[in-house]
Amino acid sequence: MIASISFIVLGFVLLIFGANWLVDGASTLAKKYKISDLAIGLTIVAFGTSAPELVVNVVASVNGYSDIVLGNVIGSNNFNLFIILGLAGLIFPIRVQSSTAWKEIPIALFITVLLLFLLNDFSFTGPGDTDRLDGFVLLLLFGLFFYYVFTQLKGEDQLPSTAPQKSMPAILALILGGLAGLVVGGQLVVTHSVSIAGTLGVSEKIIGLTIVAAGTSLPELVTSVVAATKKNSDIAIGNVIGSNIFNILLVLAISSLVNPIEYDPKFNTDLYILIGGTLFLLLAMLTGQRKKLDRWEAGVLFGAYLGYTIYLVIQEL
């Protein structure tokens, strides 16, 4: 038990340093090549912070742990939306670009609704699955999203940078070092958290939706909080929205291609919560101080997740 706790602490250290390096490297790269911070957040940072989900899900899929695969993706997306954006918005109100309010958030909403129908085989009459054909469909949509990011967001106007310019080897070292720290740190936290939880007889679903989901979302959490403290709203929200899209269109797609995933309708409630939270975020961007997530709205997201977690615990008892 002491050894597992020590590894978890080490994982947190790697996550914190990795997130700092990744945000610094990605922001510098964006300015060097005149690519917007939002585009970098939706691609490099989102992919890097989704790497733990991908690693865990491939391993779980190979071993046939469908509840871990689904719980990790759905739980991580809920954690990203409610806890990460909630904390980031409480630290510093998040003001976003127009494209985020009108395009990226609706894209995330659309693919979440699509996922709900795919998992239920469009019938909602009983257990469903996500087969390899569904995986190819999701992967195709991922390719279209990636194309959209680089055609629509590249070259957006940037404010002149007063920070010292870093060399390309230094930038790559920051990004690769950050990604490595995030992946290794995320794995340490998840592996040893699951080990501790397993001794308590906790179910596969609750592990997937809580410990594994929260553990693999720690990179997104630390990255977005660090970005918020640096008042880099585009990285903060781009990371979360991008990661949620990556988790469904890339992580779940690859998991389905590795091994078809059996779906239990008990996950529908969690998907409804995710859809509702995404709708709330969209409305927050379009009302009040437009294109801005105020502190009270961030507080609603954070508080809603606490209620969601209590619900999961009650359901488990």
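1. What about the overall build of the protein?
- From N to C terminus, the protein includes 10 helices and four strands.
- Going from N to C terminus, the protein has its helices and strands arranged as α-α-α-β-α-β-α-α-α-α-β-α-β-α.
- Taking 20 Å as the expected radius of gyration for a compact globule of 317 residues, we find that the protein reaches 19 Å, a close match to that expectation.
- If you line up the protein on its principal axes, its C-alpha atoms span 55 × 45 × 40 Å.
- For the protein, the proportion of its 317 residues judged to be buried stands at 53%.
- In the structure as shown, the protein presents an accessible area of about 13,200 Å², 71% of it carried by carbon and sulfur atoms.
- The protein carries 16 positive and 20 negative side-chain charges, and their two centres are separated by 16 Å.

2. What about helix α1 (residues 2–32)?
- An ideal rise of 1.5 Å per residue puts 45 Å on 31 residues; α1 measures up with 45 Å between its terminal C-alpha atoms.
- Following α1 by one or two positions, Lys-34 adopts a phi angle in the positive range, close to 55°.

3. Brief notes about the confidence of the model for the protein
- Per-residue confidence for the protein averages 82 on the pLDDT scale, and 91% of its residues sit at or above 70.
- The least confident element of the protein, judged by mean pLDDT, is helix α2 (residues 37–62) at 76; the most confident is helix α9 (residues 268–286) at 90.

4. Some details on the side chain of Ser-256
- Assignment of secondary structure puts Ser-256 in helix α8 (residues 233–258).
- Under the relative-accessibility criterion, Ser-256 is labelled buried at 0%.
- Every residue in contact with Ser-256, bar those within four places of it in the chain, is listed here: Thr-130, Asp-131, Arg-132, Gly-135 and Ile-261.

5. Some remarks on the packing of aromatic side chains
- Evaluation of the coordinates by the stated rule reveals eight aromatic pairs.
- Between Phe-145 and Tyr-148, the aromatic rings sit 6.3 Å apart at their centres with planes inclined by 35°, giving tilted as the arrangement. One end of the pair is Phe-145 and the other is Tyr-148, both in helix α5 (residues 132–152) and three residues apart, which spans about a single turn. With respect to class, Phe-145 is no different from Tyr-148; both count as buried.
- A network of ring pairs unites the aromatic residues Phe-142, Phe-146 and Phe-246 as a single cluster.

6. A look at the environment of Leu-141
- Its place among the elements puts Leu-141 in helix α5.
- For Leu-141 and Leu-249, which are 108 residues apart along the polypeptide, the C-alpha to C-alpha distance reads 6.6 Å.

7. Quick word on the nonpolar core
- Ile-40, Leu-70, Leu-85, Leu-249, Leu-271, Leu-281 and Leu-293 are the most contacted members of the largest nonpolar core, which totals 88 residues.
- The dominant element in this core, judged by the number of residues it contributes, is α8, at 13 residues.

8. Concerning empty space enclosed by the protein
- With the rule as written, the count across this model stands at one cavity of 30 Å³ or more.
- The calculated volume of the largest cavity comes to roughly 60 Å³.
- Taken together, Asn-77, Leu-81, Ala-108, Ile-111, Thr-112, Ile-241, Asn-244, Ile-248, Leu-274, Thr-278 and Leu-281 make up the lining of the largest cavity.
- Contributing elements (two or more residues each) for the lining of the largest cavity: α3 (66–91), α4 (98–119), α8 and α9.

9. A look at the packing of α3 against α9
- Relative to each other, α3 and α9 sit at 35°, their axes nearing to 10 Å. Judged by the sense of rotation from one axis to the other, the crossing of α3 with α9 is left-handed. On α9, the residues touching Ile-74, Asn-77, Asn-78, Leu-81, Phe-82 and Leu-85 of α3 are Asp-270, Leu-271, Ile-273, Leu-274, Gly-277, Thr-278 and Leu-281.
- In the contact of α3 with α9, the residues fall into eight nonpolar, four polar and one charged.

10. What to know about the side chain of Thr-278
- Checked against the element boundaries, Thr-278 lands in helix α9.
- Each residue touching Thr-278, except ones within four places of it in the same chain, is listed here: Leu-81, Ile-105 and Leu-109.

Conventions used here
- Residues numbered from 1 in each chain as written.
- Predicted model: local features only at pLDDT ≥ 70, side-chain atom pairs only at ≥ 80, totals over all residues.
- Heavy atoms only, no water.
- Helix = DSSP H or I, 4+ residues; strand = E, 2+ residues; numbered from the N terminus.
- Rg over C-alpha atoms; globule rule 2.2 N^0.38 Å.
- Buried < 20%, exposed > 50% of the residue type's maximum accessible area, 1.4 Å probe, protein only.
- Areas by Shrake-Rupley, 256 points an atom, 1.4 Å probe, with all protein chains shown as cover.
- Lys, Arg positive; Asp, Glu negative; His and termini not counted.
- Charge placed at Lys NZ, Arg CZ, Asp CG, Glu CD.
- Expected span 1.5 Å × (residues − 1).
- pLDDT = per-residue confidence, 0-100.
- Contact = heavy atoms within 4.5 Å.
- Phe/Tyr/Trp six-rings, centres within 6.5 Å; stacked < 30°, edge-to-face > 60°.
- Core = buried A, V, L, I, M, F, W, Y, C linked by side-chain atoms within 4.5 Å.
- 1 Å grid on protein atoms, 1.4 Å probe; cavity = no way out; pocket = protein on both sides within 12 Å on 5 of 7 lines; lining within 4 Å.
- Points joined across faces, edges and corners; volume = space filled by probe spheres on them.
- Axes fitted to C-alpha atoms, helices over the stretch in contact; angles between N-to-C directions.
- Left-handed = near helix turned anticlockwise from the far one by under 90°.
- Nonpolar A, V, L, I, M, F, W, Y, C, P; charged D, E, K, R; others polar.

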